[in-house]
Structures are given as C-alpha cells and as structure tokens.
Amino acid sequence: MAAPLRLKATSASPGVATGPAFIAEPLAAAASPPSSLSGHTELSDAIKTAIRELQNLATGADPESSDIVEFQIEVLRDPTLTDMAGARIDAGENIAFAWVGTLDGYIRELECSEEDQMRARAVDILDIKNRVLAVLTGTPLDDFPAGSIYVGKDMEPSRFLAHDWSAGGGIALYAGSAVGHVALLAKSRSIPMVIGAGQFTTERGQHIGVDGDSGTVILQTSKGNATPTQFDHPATSSAPAPDNGNLRAADGSQILLSINVNAPDEVDSIIVTTTAGIGLMRSEFAVTSLGDAANEEKQFTIYRRLLDWADGRAVTVRMLDIGGDKPLAGLAEASSLRGIRLLLARPEIARIQARALLRAAIFGNLRIMLPMVTFPSDVDDMRRIYREESSELARRGVPHRIPPIGMMVEIPAAALMLDHFESADFFSFGTNDLAQYLVASAREGADFALYQARAVPAVLRLLSQAVKLAGSKPLSICGDMASDPSRTADLLAAGIRHFSVAPARLPAIRSAIVGLNADGTKAAGE
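Heads up: these notes are all about the structure in this document. Note that the structure is predicted; figures quoted are calculated from it, not measured. (Residues numbered from 1 in each chain as written. Predicted model: local features only at pLDDT ≥ 70, side-chain atom pairs only at ≥ 80, totals over all residues. Heavy atoms only, no water.)

1. Regarding the pairing of strand β4 (residues 149-152)
- What you see with β4 is no split at all: Ile149 and Val151 on one side and Tyr150 and Gly152 on the other are buried throughout.
- Of the pairings in the sheet, the one linking strand β3 (residues 16-23) to β4 comprises three bridges and is parallel in character. The residue of β4 that forms the bridge with Ile23 is Val151.
- By the bridge criterion, four bridges tie β4 to strand β5 (residues 170-173) in an arrangement that is parallel. Bridge pairing in β5 links Ile149 to Gly170.
- With respect to chirality, the unit in which β4 leads through helix α7 (residues 157-162) into the neighbouring parallel β5 is right-handed. (Buried < 20%, exposed > 50% of the residue type's maximum accessible area, 1.4 Å probe, protein only. Helix = DSSP H or I, 4+ residues; strand = E, 2+ residues; numbered from the N terminus. Pairing = 2+ DSSP bridges. Right-handed = clockwise from strand over helix to strand, strands pointing away.)

2. A closer look at the packing of helix α4 (residues 95-111) against helix α6 (residues 122-137)
- The geometry of α4 relative to α6 is characterised by a closest axis approach of 9 Å and an angle of 175 degrees between their N-to-C directions. The pairing of α4 with α6 is recorded here as roughly antiparallel in orientation. In this structure, α4 contributes Ile95, Ala96, Trp99, Val100, Leu103, Asp104, Tyr106, Ile107, Leu110 and Glu111 to the contact, and α6 contributes Ala122, Ile125, Leu126, Ile128, Lys129, Val132, Leu133 and Leu136.
- Residues that form the contact of α4 with α6 fall into these classes: 15 nonpolar, no polar and three charged. (Axes fitted to C-alpha atoms, helices over the stretch in contact; angles between N-to-C directions. Parallel < 35°, antiparallel > 145°, perpendicular 65-115°, else oblique. Contact = heavy atoms within 4.5 Å. Nonpolar A, V, L, I, M, F, W, Y, C, P; charged D, E, K, R; others polar.)

3. Here's the deal with the side chain of Ser148
- Assignment of secondary structure puts Ser148 in the loop between α6 and β4.
- Given a relative accessible area of 3%, Ser148 falls into the buried group.
- Apart from the residues lying within four places of it in its own chain, the contact partners of Ser148 are Pro20, Phe22, Gly169 and Gly170.

4. A few points about the nonpolar core
- Judged by nonpolar contacts, the single largest core of 81 residues is most densely connected at Met407, Phe429 and Phe499.
- Top element by residues in this core is helix α17 (residues 456-470). It accounts for eight residues.
- Leave out the neighbours within four places in its chain, and Phe499 touches Ile255, Leu256, Leu257, Ser258, Ile477, Ala482, Thr488, Leu491, Leu492 and Ile513. (Core = buried A, V, L, I, M, F, W, Y, C linked by side-chain atoms within 4.5 Å.)

5. Description of the side chain of Ser283
- Tracing the chain through its elements places Ser283 in the loop between β11 (277-282) and α9 (290-293).
- Reaching out from Ser283, the side chain makes a polar contact with the backbone nitrogen of Leu320 at a distance of 3.3 Å.
- Look past the residues within four positions of Ser283 in its chain and what remains in contact with it is Tyr303, Val317, Arg318, Met319, Leu320 and Gln353. (Polar contact = N/O pair within 3.5 Å; in protein donor to acceptor, adjacent residues only side chain to side chain.)

Written out as structure tokens, the structure is:
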C-alpha cells in the first residue's frame, strides 16, 4: 500500500485529527438574487434577520465566540454600509447586487491592506455578506457533517460557531490566516487547523488527516488506520503535572511555565495547578467593540474571573492592543494607530480599562502589561493615567490597588534599549511582532513563513542582548516561539526562564524543559 501523501502547510491550531473530508464551496459563491427584490425596506429587514440569527448563535456561547459575533453584528448595524448599498439601490441596482457590490468593495479594501489582521478580517465581512444574501435569496447557509475535516479556501467564523465540534474534526485551508477569528476560535477549542496548504485535490468523504503540530495535511489515509499514531509524534503522557508551573531543568535551575489566554472561559478546562498562572491575557479578544471598551463593569468581571481561577498565581493582562491590524469596531483611529499609541491618543478608553484593572487587582496577583511600547515615555504616560485614576477611586472610596505595570517587548527599538525603561516593572517578549518587524514583512505575506524561519538567528541574538539589558527585572516570553519545543533550547540559552505558552502546548514545552539544562544543552543521557 502506498504511503500517505503529506502536504506541507502552516499550523494555525495545534493537535491531530482525522476524518472524512468535507469539500467546501468557494466562499464567494452565492445564489442569483430574484429580480423582484428592490427597495431599502427589504434590505433593512434582511439585515435585521441576519442580526437575529447571529444573536441566536451567540446565545449560550463562550465569551470569545460571543465577542466575535458581536463584532459582526456591529458591522451590520453600521449605517455606512446601508447608506452605500442604498445609494446603489437608488441608482437602479437590484437590492441583492447592491448589497454584494458594497460588501465586495469593503472586502477588497481589507484584502489589499498591508496589515495582516486587517486582511484577516476580510473573511468576517465575507461571512456577513453571505449571511444577508442568504436571507435575501432564501438559501440558508449549510453546515457540514460532525467529525469531518473541513477543506476549503477559508472558513467563516459563523460557520465554525454553528458547527458541532464535539465529535472531533479539523480544518485544512488552502489559504486562511493564522491571526483570523477562526484560527483564534480553533485554538481556544483545541480544534486542529492548518492554513496555507495550497489548492489540493481529495474526494469528499475520503479520510484525510490534519496535523496542527507540524503543519501537515495527510491525504489518502484509510478509515481503518486513520489514527494519530500515523503522524509519528513522540509519545507523551496525557496526565497533567500538578507542579504549579514551577519546573526544574535537568541541572536544577528553576523555570516557570504559564499560559496565554484570549477569553476568561478558556481557563475552565485547564487545571490551575499545572501552571504558574496566566502570562498573557490578550484583552482585545474579550473587549471587541466600543461598547465593551466603554463598559467598565464588563471588563472588571472578566479580570475578576481570571484572578479567581488563578487562586493567587500571577495573571498578566495586556491592555487593549487595538488599532492597526487589530481594529476596534467603530473606532476611526484604529486604522492609523496601534497599541499604547492609540490608548494614549484616546485616553478615555485607557482610563476605563485602567479603572477596571485597578479595582480587580485587590482580588489576586494581577500584573498589567502595556502593548507595543516603543519609548520609555510611553510607560511614563500610562503610569500617570493609572495614578490619576487611582486618586479618583480613592476619592470615591472604591477599593483598588496599583499592581505591577510592565511592557511587551515586541518592537526592536525597545528591545535594544531595555536598560532605559526604568519605570517598567517587568518585560515580556512578543516574538511574533519582533520577527515581523525584523524581516519587514506582513505576517500574512506569502513569504513570511520563510522569512520568519530565516530570521530566527536574528531574533535569538536580539533576545540574548535584551535579556542582558533587562538587568534584574522579571522577564518572560509569550510569543509563538515560546510554544515551539524545537526552540526551547535556544530560548533557554538566550536567558529565558519564564515561558508563557498556548494551553495545548503545556505538555510539549514541559517535556522539553525537563530534558535540558538551563543553558539549553541536553541533559546527560538524553
């Protein structure tokens, strides 16, 4: 029997899955609209129906899924879209074609963006376009069989959310995005997913495999032997280690192991005693709209829930890393500014989050991390906001505490000058952005994976220098490189002693650490 054909792709969510292939139709395909449709009222009714469908989809969903749906609802409620489609209708265009033409223009604009996550949002808008069009044309969106491997160019977030993943399954995309909503959802639900596999041919129902650990699609597998063992992964114990994330390298050196999370519900399936806490909570994935950004109580509840789960362990919340390639729905400045620059330009957003964090800090070991910091003044200016909000809370008699405030190190200019950031309490390296800016390439560019691989020596050299410049301040690493066991030895050699990783990678990184000395060399007998 011929060996299975293995196609190289890019990992978007770790794990291994096999099952019958479901070949999706191109996302842009849609039924022709009836010629009788015309007028603004029909479009308004269709949008309202689509919003109700999305609201039903969000009912009972986890917070991250609900926030993604809420993002789509806010886009549908944007009067700019209906005005543009209305102008087309007034000019005599069929209502459905007017809607499609309006959204296609938006999609093309996103797809041509230089920012990777802006391009990743194109599939969200395509999802919205098709949902409203389905209402207009009376052609409901279809699901696919449980336990299948979804194969297609891309995948709509609402299709992911509507699907029953309890029977397993996986996702293999010809294109796709590692920073899109579907990839984030797949990671949070431990659904194996690969992207960038290129167009490949397989029959619907043919059993195939997805290896999200190595980034591989396996074709021509038989149903009888389609088991994870065919992927040649080393055997590891599935029993979590209750070591509180406090590991010892082979030479006895202490290494900490924390997790990255996007939404508070993600910790529900994680045994807290297997971690040192949360090394990175990406708050922008739980606060996805201007409404959320203005809702101090909602944010306070999110942070309080994480602190309760951590039970005294450190919880590091990164302030909203919005703007640029991660727009906040309804915020105009989000196209030109990002991270701390946007927060300082719109201090009303920063102040609300600051108050929620200050109030939550009394309930546990909270640490605040500032995103996309470039200059020491960035930290100083944000600290001033925290002092002012602390004074106001004290005046009102509201219990609170100013926790440690540190910074992401993801801009090369900051990494090279860490000894100048005296007001930062700690540092955490974000290797995703460091690599992107070092190779001057958008992360979704066709050649970025190649550039990123070639840039590893430069990233490691920069990390080694930055670790020395950090002096005695606590530091960690939370980018994708931290979750790659093939890089663990290099990161130890660079001086990293605290790893924050995707929850699914805890066993692999734990196994890698205990087999190495603190300088990255293999332990005797390994």
